[in-house]
Amino acid sequence: MTEIEQLLTRVTVQARNSRPWGWPSLPAPVDAATLDRAGQALGFPLPPLLAALYERVGDGGFGPSYGLLPLLDSAPSGEPAAVAQYLTNREYGRKNPDWPWPEGVLPISHWGCGMYACVDCRSPQSTVLLYEPNADDADGAWFVDAPSLTDWLHVWLEGRGWYEETDEGTDLAPWAHFRPRTAPEQAF
């Protein structure tokens with residue numbers, strides 16, 4: 001069994017044995033057609049591990065805090081779907097250039113107060129970012145939560161995330177790629 005298979009097994013067990021706030025039950029996994037529709041709407045495919053979570057574990061409803069967002073359809077918990085939230089954030093960023101939303105950064109989990117865990121679908125390791133919009137400006141709103149989705153899941157499974165009550169003083173590093181990823185393309 002590969003490391004990713006072992007991780008998916010651990011996530012599945014944890015998902016079946018816990019329920020984030022607002023989720024009455026673990027939703028059924030999505031099918032391949034749903035993953036394809038999501039990729040078409042987004043304009044990019046989901047990273048393989050994220051796709052596997054939705055296809056093998058469930059359509060949201062597991063993970064830290066409020067759990068993973070559903071992929072395409074709103075959940076009984078009232079959480080928005082990840083694809084719809086991404087498209088809304090991108091549109092808002094186009095209308096409000098002081099708060100651009102980076103292309104390929106998919107919100108996957110809501111923390112409350114407008115904060116989201118997001119996966120950088122353009123990074124090879126699927127970096128997980130924290131978007132904290134309560135900052136003074138967009139440059140101060142993005143942090144690296146985990147260097148990879150794999151690491152983020154391990155932290156959740158082991159109960160040692162910054163969001164845990166037992167965590168003391170974890171400072172997240174600012175996401176250095178925010179400005180380069182949101183700067184308008186230069187005409188040469």
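These lines cover the structure that appears in this document, whether it is placed above or below. The shown structure was predicted, so the numbers you read here are calculated from the model rather than taken from an experiment.

**What about the packing of aromatic side chains?**
Consideration 1: What the rule picks out here adds up to 10 aromatic pairs.
Consideration 2: Among the aromatic residues, ring-to-ring pairing joins W101, Y131, W142, W175 and F178 into one connected group.

**Thoughts on the pattern of salt bridges**
Consideration 1: Using the criterion set out here, one finds seven salt bridges in the structure.
Consideration 2: The salt bridge involving K95 is made with E91; its shortest N-O contact spans 3.8 Å. Residue K95 and its partner E91 are located together in helix α4 (residues 82-95), separated by four residues, close to a single helical turn.
Consideration 3: Put simply, E91, R94 and K95 are held in one network by salt bridges that share partners.

**Examining the pairing of strand β1 (residues 105-112)**
Consideration 1: Counting buried positions along β1 yields eight of eight residues, so the element is predominantly enclosed.
Consideration 2: Following β1, the chain reverses through two residues before pairing antiparallel with strand β2 (residues 115-120); C113 in that reversal takes a positive phi of roughly 55°.

**Details of the side chain of S123**
Consideration 1: Among the secondary structure elements, S123 is positioned in the loop between β2 and β3 (128-131).
Consideration 2: Classification of S123 as buried rests on a relative accessible area of 13%.
Consideration 3: Of the polar contacts made by the side chain of S123, one reaches the backbone oxygen of D120; its length is 3.1 Å.
Consideration 4: Within polar-contact distance, the side chain of S123 engages the backbone nitrogen of T127 at 2.9 Å.

**Some words on the sheet that holds β2**
By way of backbone hydrogen bonds, the strands of a sheet pair with one another, either parallel or antiparallel.
Consideration 1: In space, the five strands of this open sheet follow the order β1-β2-β3-β4-β5, with antiparallel pairing throughout. On the outer flanks of this sheet lie β1 and β5 (173-174), each paired with one strand and no other.
Consideration 2: Both strand β4 (residues 142-146) and β5 contribute to a ladder of two bridges, which runs antiparallel. Looking across to β5, one finds that F143 is bridged to P174.

**So, the nonpolar core**
Consideration 1: Ranked by internal contacts, the top residues of the largest apolar core, which has 50 residues, are L50, L53, W142, L149 and W152.
Consideration 2: With seven residues, helix α3 (residues 48-57) is the largest single contributor of residues to this core.
Consideration 3: If near-sequence neighbours (up to four positions away) are discounted, W142 is found in contact with W101, P102, V105, C118, L129, L130, Y131, P174, W175 and F178.

**Side note on the layout of surface pockets**
Consideration 1: In this structure, the largest pocket occupies an estimated 160 Å³ of space.
Consideration 2: Lining the largest pocket are R90, G93, R94, P97, P100, W101, R179, T182, A183 and P184.
Consideration 3: Counting only elements with at least two residues in the lining of the largest pocket, the list comes to α4 and α6 (178-182).
Consideration 4: Considering every element that reaches the lining of the largest pocket, the biggest residue donor is α4, with three residues.
Consideration 5: When the residues that make up the lining of the largest pocket are grouped by side-chain class, the tally is five nonpolar, two polar and three charged.

**Side note on the packing of helix α2 (residues 32-42) against α4**
Consideration 1: Close contact between α2 and α4 brings their axes to 10 Å; oriented N to C, the two are set at 0°. The angle between the axes of α2 and α4 places the two elements in the roughly parallel class. Taken together, the residues of α4 that come into contact with α2 (itself represented by A38, A41 and L42) are V83, Y86 and L87.

So, how was this worked out
- Position numbers for residues count from 1 along each chain, tracking the sequence in the order it is written.
- The predicted nature of this model means local features are confined to residues of pLDDT at least 70 and side-chain atom pairs, given and counted, to a pLDDT of 80 or more, with totals for whole chains, interfaces and linings taken over all residues.
- Excluded from the side-chain calculations are hydrogens and water; all other atoms, namely the structure's heavy atoms, are used.
- Any Phe, Tyr or Trp ring, taking Trp's six-membered ring, that has another such ring centre within 6.5 Å forms a pair; planes under 30 degrees apart are called stacked, those over 60 apart edge-to-face, and the others tilted.
- Throughout this description, the term salt bridge denotes a Lys or Arg side-chain nitrogen within 4 Å of a carboxyl oxygen of Asp or Glu.
- A run of H or I in DSSP counts as a helix once it spans at least four residues, and a run of E counts as a strand once it spans at least two, with each numbered from the N terminus.
- Burial here depends on accessible area, computed with a 1.4 Å probe over protein chains only, as a share of the maximum for the residue type. Under 20% is buried, over 50% is exposed, and the range in between is partly exposed.
- Paired strands, as defined in this entry, are two strands with at least two bridges between them according to DSSP.
- Whenever two N or O atoms come within 3.5 Å, that pair is a polar contact, provided that in protein one can donate a hydrogen and the other can accept it, and provided that, for residues adjacent in sequence, both atoms are side-chain atoms.
- For our purposes a nonpolar core is just a set of buried Ala, Val, Leu, Ile, Met, Phe, Trp, Tyr and Cys residues, chained together by side-chain atoms within 4.5 Å.
- Working rule for contacts: check all heavy atoms of both residues, and any pair within 4.5 Å makes them a contact.
- Lining residues are defined by having an atom within 4 Å of a point belonging to a cavity or pocket. Those points lie on a 1 Å grid over the protein atoms alone, cavities being sets where a 1.4 Å probe fits but cannot get out and pockets being open sets with protein on both sides within 12 Å along at least five of seven lines.
- Grid points are joined across faces, edges and corners, and a volume is the space filled by probe spheres set on the points.
- Side-chain classes are defined by residue name, with Ala, Val, Leu, Ile, Met, Phe, Trp, Tyr, Cys and Pro counting as nonpolar, Asp, Glu, Lys and Arg as charged, and the others, Gly among them, as polar.
- To get an axis, fit a line to the C-alpha atoms, keeping to the stretch in contact for a helix; angles then go from 0 to 180 degrees between the N-to-C directions.
- Here the word oblique covers every angle except those under 35 degrees (roughly parallel), over 145 (roughly antiparallel) and from 65 to 115 (roughly perpendicular).

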